[in-house]
Amino acid sequence: MSSIEIQNLVARHGSGFVLGPCDLSLAAGSRTAVIGPSGCGKTTLLRCIAGLHPGEGRIALDGQLVNDPKRIVPPSARRIGFVFQDGGLWPHLSVAEHLSFASPGLGTQAAEELLAQVGLAGRSRARPGELSGGEAQRLALARALAGDPRILLLDEPLHSVDTALRGQLGVLIRKLVDARGLTLVLVTHDRDEALALADQLVILKSGKVLETGSADTLLQQPRTAFGAAFLAGATCVPVSVNGGATVATPFGPVPSPADRSCPHALVLLPGEVVVRGDGPVEARVLSVFGAADGARALIDLGGHAMQVPNDGTLRIGTTVRVALRGAPRVLPMDRSEQEANA
Amino acid sequence: MRHLPLSLAATFCVLFLGAPLLVMAWSTVFSEDGFTLQAYGQLLAEPIDRLQMRNTLALGATSTVIALLLGGGHAFLTHRTDMPGAAWLAPLGAAPLAIPPIVVAMGFSDLGKTWGFSVSGFMICALLLGISYAPLVAVMTARGLRSVDGRAYEAVLLTRGRAPAERMLLRMVRPEIAAGCLFALVFVVSEHGVPEFLTVKGKTWHTYAEGVFARWTRRATGVSHADLVSPIVAAVPLLLIIAVALFFALRLRAHTDLRSVRPPLPRRSLGRLRIPALLLPLVYLGAGIGVPLVVLSRWAAGSTQVDTPMGFAQVRHNVQAAFSQAGTDLTTTIVVAAATAVLVLLIAMPIAFRAAGRWPVLQHLSVVPIAVPAILLGMGLVKVWNSPLVADWLYSWSGDFYGTAGLLTCGYAARFLPFGVLALTQSLQRQAASVGEAAQLSARTPLARFLRIRLPLLMPAGWSAMCLVFVLGLRELDLAVVLPAGNETVVRRLSNVVHFGGEDMGGALALMLLGVAVLVPLIVVLVTGRRLTSLS
């Protein structure tokens, strides 16, 4: 097991910033998912940890500095397993040759055991071109584990497989990571993938860390509107924060936030808004549909679409009144932009 | 140690490209009396210079149009239509590249004698060069057609109809076609062998490259600094034309993205024109390959011997004569071409890795040798490697390098280096970055990673580049004319046929050379089991 300490990490592509400054501390044996929209710097962060992308700042793995202004440890010496988004398999090598090249000390017996663990038993002679999408991902995982790494980095590992296989591979990854006591860092823009594989979440936007914390905390008590929208599927209705003690929202006034230097939004988590005859806000029903957890309706709430439970009485085109369970929540819309402006 | 391959490649480029060009440029502005621009005062001053410039431009434009009609037409018909035999004819589009332009010219000259038409003058020269360099347009047009997403064409076809779809297709392929035309133009304007051949055979008719060479051969008669450097100064406008054409050709070539696999274009039905359409590929391949092969075969069979009937006995006799009289030349030519191919691969590889990575500008810099006419590069190599300074310092302990096939090999390698760099760079750019990065994470040495992962993935392009360079090395005349060891090459001997006769033995020799040019790539395909890709 190995901890990852990142301090003041900055990465560039050409002359433009991609990542940072970024500080992160990931405990040994933790399972962390870095999530965020495309182009936010997730993969670059992973590549910096692996030593595949030059970064300014300090990176320490298990207390050992691998990246600082004076010392850069090459990728092969960091004992890191990496599963690339596109697999990065070597098309001219067989499955067995992948493992023997990745880890010269791995014996035939150990290689066969590893292949059996990832579900590739009997496929040692196949080449990547002969493997299915799921098998190719399993091979990428086996190759990453072959060198006995202390940290496993996964770049959208379930991106290219179908829904049924995602579940299987997710379970397999979790099992292997637990069995080997690895520190896992996963990069994805898929919330479900992140929640399935990780306990800790890091939300990244425009190269900056917006929020970190346990999955439960970030889901239930998001600290930014973006985090709430991205992670919990919240609907964000911009509100005006002026000098007053309270902020007016469609669901009533809320105390004004202390930090008024950036735009704020009323954050409505799924399930927080319910249809109620005496509700303070009027909304229009756009559509009704069935979902796994019961019937639902999509409503237009002042130009913002959101789902509410449907008890069977809602009809398309009708107007209903909605209310909020609990107190309204106003959160900053983009802390990274706020920091940049500061 | 990590930078050793690149350092060696850079050293090679300095010694066999940078130094010759720099020494020539230096000599034009520095005389014994110091800095002077006197030589440039005479630039295009003489009417003959201006005439040669006009001739060259007109020849370049006309030959390019012919190359476009033949090469572009061949690629379009074989890649885009349901013409019979299209699958077989398509790869043959590049085949005329194996025939030296001088051999094509000699073939048509002989045909002219037999059928009673004159092979001389501007139009014939343009036609011969157009045929010789049409493969460049054919290869680039085919590349463009392969890069078009068939769905994009079909989308326009469904919404707007056939004519707008064809117009859109033409717009999409236009950069590649234009790049092919510009490459053809570059080679035509720097060609001196065919114009010189036609001058010898017919009425006096000069082009710029040929004029530069003529000045070079006469320079010993000059006395002033301006006279001595006049061949170099005279080449400057030619250099500018080529540099501009190359710049645009590379910019246009860069437009095409071959990284992703796309659905191919649907083939158009030619209907009743399916059979008549065969005429264009047949004319193109007939002129580019058929005529030279038939004429060379006839020569080898004794067609030029008045007192002996043609037949296999003559062929055997001439092949034996070719072996006995020019066997050494044939061996030298093959060895030099093979060594050039290997050398180009070794030098191009570290450059290509950098060009595909952090220094993309290297890809553009690497085409400088194409921009410099071979005659000029040859002159530069003579100036550097035959200078008293180098002779006194180097040859005293290394032996005379100047007169050996070593300098010829290095000169060829310098000239054909762009083909290696471009082919390997493109191959590297098409590989996913993660393939190399995954290897970086393994507990292997850099050498093991290179030999086991990078090299095998690069070798299809490497074999392609080596085959191309090998074939070009077999047919290179311009450098062989200038460098002393070039006297021992087959192409040089064939060019002497123009001046001194001996067509029967020359025909047999040329056929053997062409056989080698075809056989070696075939063996490579059979042995490696791989298609030769990335040539374009």
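Residues numbered from 1 in each chain as written. Chains lettered and ligands numbered in written order. Predicted model: local features only at pLDDT ≥ 70, side-chain atom pairs only at ≥ 80, totals over all residues. Heavy atoms only, no water.

**Some words on the overall build of chain B**
No. 1: For chain B, the count of helices and strands is 23 helices and two strands.
No. 2: Taking the intrachain contacts of chain B between residues at least 6 apart in sequence as the baseline, contacts between residues at least 24 apart amount to 82%.
No. 3: Carbon and sulfur atoms provide 67% of the accessible area of chain B, an area that totals close to 23600 Å². (Helix = DSSP H or I, 4+ residues; strand = E, 2+ residues; numbered from the N terminus. Contact = heavy atoms within 4.5 Å. Areas by Shrake-Rupley, 256 points an atom, 1.4 Å probe, with all protein chains shown as cover.)

**Things to note about the sheet that holds strand E1 (residues 4-13) of chain A**
All names here are of chain A.
No. 1: The five strands are arranged E2-E1-E4-E5-E6 in an open sheet whose pairing can be described as antiparallel. Both edges of this open sheet fall to strand E2 (16-26) and strand E6 (71-72), since each of them pairs with a single strand only.
No. 2: Sheet analysis places strand E5 (residues 64-68) next to E6, joined by two bridges and oriented antiparallel. Residue pairing in the sheet places asparagine 67 in a bridge with isoleucine 72 of E6.
No. 3: Helix H1 (residues 42-50) contacts E1, E2 and strand E4 (55-61) of the sheet and is inclined by roughly 115° relative to E1. (Pairing = 2+ DSSP bridges. Axes fitted to C-alpha atoms, helices over the stretch in contact; angles between N-to-C directions.)

**A closer look at the environment of threonine 78 of chain B**
All names here are of chain B.
No. 1: When you line up the elements, threonine 78 lands in helix H3 (residues 47-80).
No. 2: Separated by 111 residues in the primary sequence, threonine 78 and valine 189 have C-alpha atoms spaced 28 Å apart.
No. 3: Among all residues touching threonine 78, those that are not within four sequence positions of it are Met83, Ala86, Leu89, Ala90 and Arg267.
No. 4: Separated by 2.7 Å, the side chain of threonine 78 and the backbone oxygen of histidine 74 make a polar contact. (Polar contact = N/O pair within 3.5 Å; in protein donor to acceptor, adjacent residues only side chain to side chain.)

**Quick look at the interface of chain B and chain A**
No. 1: Contacts between chain B and chain A engage 17 residues on the former and 21 residues on the latter.
No. 2: Buried surface at the junction of chain B and chain A, both sides included, amounts to about 1700 Å², of which 65% is carbon and sulfur.
No. 3: Looking only at chain B, the three residues that lose the most surface to chain A are Leu441, Arg444 and Arg452 of chain B, adding up to 36% of its buried area.
No. 4: In this structure, the connection of chain B to chain A is made through two salt bridges.
No. 5: In this structure, arginine 47 of chain A and glutamate 437 of chain B form a salt bridge, with 2.6 Å as the shortest nitrogen-oxygen distance.
No. 6: Remark: the boundary between chain B and chain A carries seven residue pairs in polar contact (both at pLDDT 80 or more).
No. 7: Sorting the residues of the side of chain B that touches chain A by element identifies helix H19 (433-440) and helix H20 (446-475) of chain B as the ones contributing at least two each. (Buried area = accessible area lost by both parts, 1.4 Å probe. Salt bridge = Lys/Arg side-chain N within 4 Å of Asp/Glu carboxyl O.)

**Focus: the packing of helix H16 (residues 374-385) of chain B against helix H18 (residues 405-430) of chain B**
Residue and element names in this part refer to chain B.
No. 1: Running from amino to carboxyl end, H16 crosses H18 at an angle of 135°, the nearest separation of the two axes being 11 Å. When the interaxial angle is binned, H16 and H18 end up oblique. With respect to the hand of their crossing, H16 and H18 are arranged in right-handed fashion. In contact with Ala374, Leu377, Leu381 and Trp385 of H16, H18 contributes Leu407, Gly411 and Arg415.
No. 2: Taken together, the residues that form the contact of H16 with H18 break down as five nonpolar, one polar and one charged. (Parallel < 35°, antiparallel > 145°, perpendicular 65-115°, else oblique. Left-handed = near helix turned anticlockwise from the far one by under 90°. Nonpolar A, V, L, I, M, F, W, Y, C, P; charged D, E, K, R; others polar.)

**Focus: the domain arrangement of chain A**
Residues and elements named next belong to chain A.
No. 1: According to the domain assignment, chain A contains domain 1 (4-220) and domain 2 (225-341).
No. 2: Between domain 1 and domain 2, the C-alpha centre-to-centre distance is 36 Å.
No. 3: If you look at the interface, domain 1 gives 16 residues, while domain 2 gives 12 residues.
No. 4: Carbon and sulfur atoms make up 68% of the surface buried where domain 1 meets domain 2, a total of about 1200 Å² over both sides.
No. 5: Our enumeration of links across domain 1 and domain 2 arrives at zero salt bridges. (Domains from an automatic or database assignment.)

**Details of the packing of aromatic side chains**
Residues and elements named next belong to chain B.
No. 1: Within this structure, the stated rule accounts for 12 aromatic pairs over all chains.
No. 2: Aromatic side chains tyrosine 133 and phenylalanine 187 sit 5.6 Å apart centroid to centroid with 25° between the ring planes, which places their arrangement in the stacked category. Pair noted here: tyrosine 133 is in helix H6 (residues 122-147) and phenylalanine 187 is in helix H8 (residues 162-189), with a separation of 54 residues, a long-range link.
No. 3: For tyrosine 133, a relative accessible area of 5% gives the class buried.
No. 4: One aromatic cluster is present, formed by Tyr133, Phe187, Tyr412, Phe416 and Phe419 through successive ring pairs.
No. 5: For the cation-ring pair, arginine 354 lies above tryptophan 359, with the distance from its terminal atom to the ring centre recorded as 5.1 Å. (Phe/Tyr/Trp six-rings, centres within 6.5 Å; stacked < 30°, edge-to-face > 60°. Buried < 20%, exposed > 50% of the residue type's maximum accessible area, 1.4 Å probe, protein only. Lys NZ or Arg CZ within 6 Å of the ring centre and 35° of its normal.)

**Points about the pattern of salt bridges**
No. 1: In this structure the tally under the stated criterion is 21 salt bridges over all chains.
No. 2: In this structure, the salt-bridge partner of aspartate 190 of chain A is arginine 166 of chain A, at a minimum N-O distance of 2.8 Å. In this pair, aspartate 190 of chain A is assigned in the loop between strand E9 (183-188) and helix H6 (191-197) and arginine 166 of chain A in helix H5 (residues 163-180), connecting sequence segments 24 residues apart.
No. 3: Residue class for arginine 166 of chain A comes out partly exposed when judged on its relative accessible area of 26%.
No. 4: A salt bridge links glutamate 166 of chain B to arginine 162 of chain B, with the shortest nitrogen-to-oxygen separation between them at 4.0 Å. Here glutamate 166 of chain B and its partner arginine 162 of chain B are both found in helix H8, four residues apart, which amounts to about one turn of the helix.
No. 5: Owing to a relative accessible area of 40%, arginine 162 of chain B belongs among the partly exposed residues under this scheme.

**Quick look at the domain arrangement of chain B**
All names here are of chain B.
No. 1: Assigned domains within chain B: domain 1 (1-36 + 301-536) and domain 2 (41-294).
No. 2: Each partner contributes to the interface: domain 1 provides 39 residues, whereas domain 2 provides 42 residues.
No. 3: For the domain 1 and domain 2 pair, buried surface summed over both sides reaches about 3700 Å², with 73% attributable to carbon and sulfur atoms.
No. 4: On inspection of domain 1 and its partner domain 2, the count reaches zero salt bridges.
No. 5: At the junction of domain 1 with domain 2, the criterion picks out two residue pairs in polar contact (both at pLDDT 80 or more).
No. 6: No other element matches H18, which puts six residues into the side of domain 1 that touches domain 2.
No. 7: A per-class count over the side of domain 1 that touches domain 2 returns 24 nonpolar, 10 polar and five charged.

**Digging into helix H4 (residues 133-146) of chain A**
All names here are of chain A.
No. 1: The end-to-end C-alpha distance of H4, which contains 14 residues, comes to 20 Å, matching closely the 20 Å that a straight helix rising 1.5 Å per residue would cover.
No. 2: Within H4, 12 of the 14 residues are buried, which leaves it mostly tucked inside the rest of the structure.
No. 3: All of the buried residues along H4 are Gly134, Ala136, Gln137, Arg138, Leu139, Ala140, Leu141, Ala142, Arg143, Ala144, Leu145 and Ala146.
No. 4: One or two residues past the end of H4 sits aspartate 148, with phi positive at roughly 50°. (Expected span 1.5 Å × (residues − 1).)

**Some details on a positive patch on the surface**
Residue and element names in this part refer to chain B.
No. 1: A cluster of basic side chains, namely Arg160, Arg167, Arg171 and Arg174, defines a positive patch on the protein surface.
No. 2: Per element, the largest residue contribution to the positive patch is three residues, and it comes from H8.
No. 3: One can find arginine 174 in helix H8. (Patch = residues over 30% accessible without salt bridge, like charges linked within 9 Å, V, L, I, M, F, W, Y side chains within 5 Å. Lys, Arg positive; Asp, Glu negative; His and termini not counted. Charge placed at Lys NZ, Arg CZ, Asp CG, Glu CD.)

**With respect to the confidence of the model for chain A**
Do not read the predicted coordinates in detail wherever pLDDT is low.
No. 1: For chain A, mean pLDDT is 86; residues scoring 70 or higher make up 97% of the total.
No. 2: Under a pLDDT of 50 for its full length, residues 337-342 of chain A has, in the predicted model, five contacts with residues more than four places off or in other chains. (pLDDT = per-residue confidence, 0-100.)

**Looking at the pairing of E9 of chain A**
All names here are of chain A.
No. 1: For E9, the tally of buried residues reaches six of six residues, placing the bulk of the element in the interior.
No. 2: On E9, burial covers both faces: Thr183, Val185 and Val187 on one face and Leu184, Leu186 and Thr188 on the other are all buried.
No. 3: Bridge count between strand E3 (residues 31-35) and E9: five bridges; the pairing is parallel. Bridge assignment links alanine 33 to a residue of E9, and that residue is leucine 186.
No. 4: Bridge analysis of strand E8 (residues 151-155) against E9 gives five bridges, and the strand direction is parallel. Within E9, the position partnered with aspartate 155 by the bridge is valine 187.
No. 5: Remark: the E8/H5/E9 crossover connection has right-handed handedness. (Right-handed = clockwise from strand over helix to strand, strands pointing away.)

**Details of the packing of helix H5 (residues 101-115) of chain B against helix H12 (residues 279-300) of chain B**
The angle between the axes and the distance between the axes are what describe a pair of packed helices.
Residue and element names in this part refer to chain B.
No. 1: Here H5 crosses H12 at 70°, and the two axes come no closer than 8 Å. Taken together, the axis directions place H5 and H12 in an arrangement best described as roughly perpendicular. Handedness of the H5/H12 crossing: left-handed. Contacts from Val103, Val104, Met106, Gly107, Phe108, Asp110, Leu111 and Thr114 of H5 reach H12 at Ala287, Gly288, Val291, Pro292, Val295, Leu296, Arg298 and Trp299.
No. 2: For the contact of H5 with H12, the per-class residue count stands at 11 nonpolar, three polar and two charged.

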